[in-house]
Structure formats: C-alpha cells, structure tokens
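This is what each chain is made of:
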Amino acid sequence: MRSEEKTQEAATLIVGLGRTGLSCARYFRSRGRPFRIMDSRFSPPALAEFRRAFPDVEPVLGGFSRKEILSAGEIVLSPGISLATPEIAEAVQLGIPVIGDIDIFSRAVSEPVAAVTGSNGKSTVVTLLGEMAREAGLKVGVGGNLDGRASMPALDLLRTGVHDLYVLELSSFQLETTQQLNARAAVVLNVSEDHLDRYESMQQYRAAKLRIFNGCQYRVVNLDDPLAQPDTLPDDRVLRYGLSAPERDGDFGVVSHEGQRWLVQGRRRLVAVSELRLVGEHNLSNVLAALAMGTAVGLSEPSMVEAVRQFRGLPHRCQWVGEYKGVAWFNDSKGTNVAAAMNAISSVANSIPGQVILIAGGVSKGADFRIMVPVLRGHVGTVVLIGQDAGQLEEAFSDVADIQRAASLDEAVSMAAAIASPGDAVLLSPACASFDMFQDFAHRGRVFTAAVEALQ
C-alpha cells in the first residue's frame with residue numbers, strides 16, 4: 001500500500017492529448033492540482049495548444065510508458081483509449097484509480113445534468129434539448145461528445161460560469177470510465193451495431209451505454225428499442241416514449257387525429273408532425289426523446305413545443321434549408337455514402353406530396369450505386385449530378401430517373417429550381433465524398449445553402 005506522501009508525489013496522469021485531455025489539464029491547473037500527461041502519438045492533435053498553455057509541463061509522447069502509468073496516483077483516461085489497453089488494464093489490476101472526464105465533471109457540479117447517449121441521434125437530441133432550455137429562459141451549457149467545431153468538452157463548460165442546466169452528449173467510450181453520473185435525467189436513444197472493433201460483443205457495447213443510468217433520478221426509455229432499455233426499471237421516475245399511441249398518461253408518442261399525425265403526451269396533443277422542420281421517423285423519435293428529457297428536468301411545455309417548431313436540425317444532416325415557390329430544400333451534405341443517402345431520400349419523400357429532385361455526386365469511394373435504385377424508384381423524378389464520378393451515378397440511375405449534369409453545385413441548384421414544382425423537394429444527398437470540389441462535407445453544405453438562399 002502506498003503511503004500518503006508517495007500518493008501526493010504521484011501526480012494525476014492524463015492519458016490522451018486530444019480535446020478531452022486538454023480540457024482535463026485546464027481543469028486541474030485551474031484548481032492547482034499537479035498532473036502529468038502522455039499520448040501514444042508523437043504529434044497528438046492538441047499538442048501545439050497544450051505547449052502554449054502549459055510550457056512548464058513536458059508531455060510523454062510516442063508510446064504508453066508502463067513506468068509512468070504504474071507510478072500514477074490516479075489515471076484520467078481519454079475516451080479514445082480503451083480500458084483494455086494492456087498498460088491501463090494492469091494499472092486497474094493494481095488498484096490504481098482509472099476515471100474519465102465525466103466522473104470529474106459529475107463530482108464538480110451541483111446543478112442538474114441531462115445526459116444523452118445512443119448509437120444514432122445523440123447530437124440532434126442534445127442540440128434540441130439545449131434550444132428548449134434557452135427558450136425557457138435558462139442558462140444552459142451544452143457539450144460533451146457533441147459533434148461540431150463549437151462544441152465543448154464537459155470540463156470546459158465549467159470554465160464558462162455556472163449554468164442552470166448542463167446537457168451532455170456522451171459516447172460509450174466516455175461511459176466506460178463513468179462510475180456515477182448522477183444525472184437529473186438520462187436516456188439511451190437506441191443501440192445498434194457500432195464500435196465492435198473496440199468491444200468484444202454487442203452486449204459489452206450495450207452495457208457501456210447503459211452506464212449512463214448510474215445514479216440518475218429520471219430514466220427516459222425508448223419503448224421501440226428493447227436494447228436501449230435498462231434491464232430493470234423502478235416503479236416511478238421513468239418517462240417513456242415511442243412512435244405509437246401512448247399506453248400510459250405520462251408516456252410520449254404519436255397519434256392520428258382528424259387526418260393529421262400529432263406528437264402527444266398521454267392524451268394531450270403537443271405539436272402536429274406537419275409543423276416540424278425535421279423529416280423522417282427517426283427524427284420523430286428524437287423529438288419525443290427531447291420532450292421527455294425536457295419534462296424530466298422541469299422545462300415548461302410551451303417552451304419545449306416552441307423550440308420543436310423552430311428547430312431546423314443540425315447542419316448538413318437532412319437539414320431543412322427553406323422553401324422557395326412551394327418547393328422544400330434540404331441539405332444532407334453529410335450523406336457521404338450510399339446508406340446515408342438512401343435514408344435521406346426515404347425521409348424526405350415521405351414528408352412531401354410531390355417528388356424528390358436529388359443532387360448527388362462527388363468522389364464515389366468505390367461505392368455500388370445500384371443499391372440505391374429501389375429507393376429512387378417512385379420517389380425521385382430527377383437526379384442532378386455533379387463531381388468527379390458523376391458518370392458512375394448516371395450509369396446506375398439512368399433507368400429509374402431523368403439525369404441532368406451540372407458543372408458546379410451552384411448550377412445544380414439553379415437547374416433543380418427550374419425542374420421542381422410546388423409540393424416537390426430538392427435534396428442534396430451526394431452519396432459521395434466531397435474532396436473533388438470542396439474542402440469537406442461542411443463546405444459543400446454551406447455552398448448549397450448559400451445557393452438556395454440566393455434564389456430568394
């Protein structure tokens with residue numbers, strides 16, 4: 001057993017120098033806690049910023065030093081590094097505490113936390129829940145694993161002042177090291193095959209997700225996904241949601257009333273599906289999850305409903321851009337593969353009375369575009385093609401849709417506007433990578449959005 005003196009000498013060791021590791025270093029420095037930091041890479045992504053902020057701390061780079069790890073008083077593990085890493089696993093066996101940034105965060109805050117995980121839809125639900133809280137007049141901190149350049153690691157949220165509510169997106173990687181999150185409300189949106197290069201089985205992956213419920217006050221449960229549900233549920237403090245009519249007064253769901261579909265809680269109609277700017281059944285589920293989470297943390301119903309009506313979705317993910325002469329425009333620039341584009345086409349087609357005009361093309365990455373034909377048939381009237389591998393898409397689609405070629409995305413938007421009729425939708429879902437014409441998918445999406453706005 002180590003003496004108290006030796007434990008104090010053995011500073012906390014941060015393993016991993018990315019955004020999370022850097023946020024841990026900032027947190028420890030602000031509280032006067034000594035720390036060391038290491039990364040297996042020689043040039044980790046946050047190295048330059050770390051050196052500027054901490055010139056007095058020399059990081060250990062280029063490998064995991066067993067000596068450094070086993071002499072640590074405590075290890076703070078970045079989410080990208082598995083607990084199964086041999087040096088980390090040995091430290092665990094020797095009784096060295098191994099935690100993550102979320103455990104540190106949960107110990108530091110007394111304000112309510114809303115925590116969201118799942119295989120898909122996390123960023124949408126977290127962002128919408130943050131908008132609901134702002135609409136309710138709360139000062140809200142939104143971050144964690146949230147996608148996007150402006151997002152903050154959890155510990156960095158503490159540097160921006162005290163908030164009324166924290167809304168965190170959490171990955172299974174983060175939850176592996178989280179013992180007691182103690183969230184006011186927590187939800188697992190869904191569980192599907194993912195990260196099986198890190199986990200030995202789906203059961204292990206699911207178990208990591210379910211750790212989000214440790215110590216939480218309210219469990220929000222997706223009735224449509226048994227894998228997302230805790231193995232045991234208490235009798236109270238559970239809010240349920242699903243895409244069918246609710247069986248209990250407090251449950252959230254979907255009903256039909258006088259020819260319209262409505263999102264409801266119990267028998268109370270909250271908002272018509274036709275009022276939403278999001279498309280697709282998966283997004284109805286996301287909105288229901290956000291409503292249930294908002295209810296659990298005490299947000300007012302009018303504020304939540306207004307935020308739902310105004311929410312356009314996340315940039316570049318089947319995002320509603322606007323309407324021009326009765327035609328809806330959607331930006332799904334993030335649809336860089338065949339599966340993503342197929343989902344986007346189905347979602348948009350099911351939300352409009354007319355047909356879809358699809359803008360697609362770019363770098364094919366060896367994809368087989370013939371897989372998309374059944375989805376295009378009956379939904380897509382015209383495909384406007386751009387980019388390096390437009391010929392491959394034309395060959396695959398020529399029997400099921402009219403094909404047009406455009407030299408630029410701006411030209412594609414103009415052509416689509418001329419073709420579309422009221423009730424139709426124009427969807428950018430390229431099914432291809434963007435780097436033949438753009439910096440990345442976000443750049444492509446911004447160009448598309450600007451071209452659509454210029455129409456008006």
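A brief report on the enclosed structure follows. (Residues numbered from 1 in each chain as written. Predicted model: local features only at pLDDT ≥ 70, side-chain atom pairs only at ≥ 80, totals over all residues. Heavy atoms only, no water.)

## Let's talk about the packing of aromatic side chains
The test is simple: Between rings of Phe, Tyr and Trp, where Trp is taken as its six-membered ring, a pair exists when centres lie within 6.5 Å; planes separated by under 30 degrees are stacked, by over 60 edge-to-face, and by other angles tilted. Counting from the N terminus, the helices are the DSSP runs of H or I reaching at least four residues and the strands are the DSSP runs of E reaching at least two. Relative accessibility thresholds used throughout: buried, under 20% of the residue-type maximum; exposed, over 50%; partly exposed, between the two (1.4 Å probe, protein chains only). Throughout this description, the term charge over a ring refers to an Arg CZ or Lys NZ atom that lies within 6 Å of the ring centre and within 35 degrees of the ring normal.
For the structure on display, the rule yields 10 aromatic pairs. On the basis of an interplanar angle of 75° and a centroid distance of 6.5 Å, the ring pair of F35 and F50 is categorised as edge-to-face. In this pair, F35 is assigned in strand β2 (residues 35–39) and F50 in helix α3 (residues 47–53), connecting sequence segments 15 residues apart. The pair formed by F35 and F50 is uniform in burial state, with each residue classed as buried. Seen from their ring centres, F173 and Y199 are 6.2 Å apart, and the 45° between their planes marks the pair as tilted. Residue F173 is found in helix α9 (residues 172–176), and its partner Y199 is found in the loop between β9 (185–188) and α10 (202–210); the two are separated by 26 residues along the sequence. Above the face of the F173 ring, R198 is positioned so that its terminal group lies 3.8 Å from the ring centre. Its end group placed over the ring of F441, K334 keeps NZ or CZ at 5.4 Å from the ring centre.

## Details of the nonpolar core
Within soluble globular proteins, side chains that are nonpolar tend to cluster in buried spots. In plain terms, the rule: Remark: nonpolar core denotes a set of buried residues (Ala, Val, Leu, Ile, Met, Phe, Trp, Tyr, Cys) joined through side-chain atoms within 4.5 Å. The criterion used for residue contact is that any of the two residues' heavy atoms lie within 4.5 Å.
Core analysis: the largest hydrophobic core is formed by 44 residues, its most contacted members being I14, F28, F35, F50, F105, L170 and I212. In terms of residue count, helix α2 (residues 19–30) provides more of this core than any other element does, 5 residues in total. Look past the residues within four positions of F35 in its chain and what remains in contact with it is A11, T12, I14, A25, F28, R29, F50, F54 and V57. In this structure, Y241, L299, A307 and F311 belong to the second largest nonpolar core, which totals 43 residues.

## Examining the sheet that holds strand β1 (residues 12–15)
The pairing of strands in a sheet happens through backbone hydrogen bonds and is either parallel or antiparallel. Under the convention used in this document: For two strands to be treated as a pair, DSSP must find at least two bridges joining them. With axes taken as lines fitted to C-alpha atoms, and helix axes fitted only over the stretch in contact, angles between N-to-C directions fall between 0 and 180 degrees.
On the basis of which strands lie adjacent, the open sheet formed by 5 strands has the order β3-β2-β1-β4-β5 and parallel pairing. Where the open sheet ends on each side, the last strands, each with one partner, are β3 (60–61) and β5 (98–99). Against the sheet, α2 makes contact with β1, β2 and β4 (75–77), and its axis sits at roughly 160° relative to β1, the strand it touches most. Taken strand by strand, helix α5 (residues 86–93) contacts β1, β4 and β5, and its axis lies near 135° from that of β4.

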